[in-house]
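Topology and contacts: notes
Now for the letters of each chain:
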Amino acid sequence: MNIPNTQYNVNSLSKDQVDFLLSAISHEHTKCDQLLELMLSEQILLEKRNIEAIPNLLKEKTTLINEIEKSAERRLQMFGLKAIHKHHNAVFEQHVNKVDRLAEPWQQLKHCLDRCRNQNEINGRIIELSQKSIDRTINLFKQSLRPNNLTTYSAKGFAQQTPIHITGVEA
């Protein structure tokens, strides 16, 4: 995808520039939809604790994210922007909203990216809960390995050791 001449009038974009932006936004939206589908699949794998399938999925996610980022960089270059610039999306959006053909596709892309962010947070919470479950299980195993202790459990499911005091008749 070649970037059309970046000399632009803030109030108007050439047909080539608009076509380029439409193409870039469409490309990013397609990749974003694919990313969202992968993240939904990741949620299922995480819930089922199917760890073996996750590395391949993560590679696919990384590839899609890199493609989206590269396309976004090319898109921003048209306005002399980089992702490291503060408020780069707001500045880009100001330009895009001046062109009717770009406003709706841009909003659709933003919506898809928001859905990906939300799904990423869901997946992160699942990972966090899984980690807590693993930590509790490890705690239980460690506690059960201690001799002369009785394992009891707290309200939060953590193992507690209670020393065993043998009383009674001696033989």
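Being a predicted model, the structure only gives us computed values, none of them experimental.

Across its full length, the protein carries 4 helices and 2 strands. Ordering the α and β elements of the protein from the N terminus gives α-α-α-α-β-β. Expressed as a percentage of contacts within the protein between residues at least 6 apart in sequence, the contacts between residues at least 24 apart total 52%. Carbon and sulfur atoms make up 53% of the accessible area of the protein, which totals about 11,700 Å².

Before going further, it helps to spend a moment on unusual backbone geometry. Positive phi, close to 55°, is recorded for R49, a residue that is not glycine. The residue R49 is located in the loop between α1 (15-48) and α2 (54-77) in this model.

On to the pattern of salt bridges, then. Counted under the stated rule, the structure contains 8 salt bridges. Taking the shortest distance from any N to any O, the salt bridge between R101 and D19 comes out at 2.9 Å. Of the two residues, R101 sits in helix α4 (residues 100-144) while D19 sits in helix α1, which places them 82 residues apart along the sequence. We classify R101 as partly exposed; its relative accessible area is 45%. Taking the shortest distance from any N to any O, the salt bridge between K110 and E93 comes out at 3.0 Å.

Its location among the elements puts C112 in helix α4. Take C112: its relative accessible area is 3%, and that puts it in the buried class. As for C112 and H29, which are separated by 83 residues in sequence, their C-alpha atoms are 7.1 Å apart.

One finds L13, L21, F79, F92 and L102 to be the most contacted residues of the largest nonpolar core, which totals 29 residues. At the level of elements, α1, α2, α3 (88-96) and α4 are the ones that each hand at least two residues to this core. No other element matches the 11 residues that α1 contributes to this core.

Per-residue confidence for the protein gives a mean pLDDT of 83; residues scoring 70 or more make up 78%. Low confidence marks residues 5-10, where pLDDT is under 50. Its contacts with residues over four positions away, or in another chain, come to 12 contacts.

What follows is about the environment of A103. For A103, the location among the structural elements is in helix α4. Judged by its relative accessible area of 22%, A103 falls in the partly exposed class. Leave out the neighbours within four places in its chain, and A103 touches V96 and N97.

Before going further, it helps to spend a moment on the packing of aromatic side chains. Aromatic ring pairs are defined here through the distance separating the ring centres and the angle between the ring planes. Within this structure, the stated rule accounts for 2 aromatic pairs. Aromatic pair F79 and F92: ring centres 5.5 Å apart, planes at 75°, arrangement edge-to-face. Of this pair, F79 sits in the loop between α2 and α3 while F92 is found in helix α3, placing the two residues 13 residues apart along the sequence. Each member of the pair, F79 together with F92, is buried. Consider the rings of F92 and W106, whose centres lie 4.8 Å apart with planes at 65°: the pair is edge-to-face. Here W106 lies in helix α4 and F92 lies in helix α3, a separation of 14 residues in the sequence. Judged by relative accessible area, F92 falls into the buried class, the value being 0%. On the basis of relative accessible area, W106 is assigned to the buried category, the value being 3%. Joined through ring pairs, the aromatic side chains of F79, F92 and W106 make up one cluster. Seen from the ring of F92, R75 lies directly overhead, with NZ or CZ sitting 4.5 Å from the centre.

About the criteria used
- Residues numbered from 1 in each chain as written.
- Predicted model: local features only at pLDDT ≥ 70, side-chain atom pairs only at ≥ 80, totals over all residues.
- Heavy atoms only, no water.
- Helix = DSSP H or I, 4+ residues; strand = E, 2+ residues; numbered from the N terminus.
- Contact = heavy atoms within 4.5 Å.
- Areas by Shrake-Rupley, 256 points an atom, 1.4 Å probe, with all protein chains shown as cover.
- Salt bridge = Lys/Arg side-chain N within 4 Å of Asp/Glu carboxyl O.
- Buried < 20%, exposed > 50% of the residue type's maximum accessible area, 1.4 Å probe, protein only.
- Core = buried A, V, L, I, M, F, W, Y, C linked by side-chain atoms within 4.5 Å.
- pLDDT = per-residue confidence, 0-100.
- Phe/Tyr/Trp six-rings, centres within 6.5 Å; stacked < 30°, edge-to-face > 60°.
- Lys NZ or Arg CZ within 6 Å of the ring centre and 35° of its normal.

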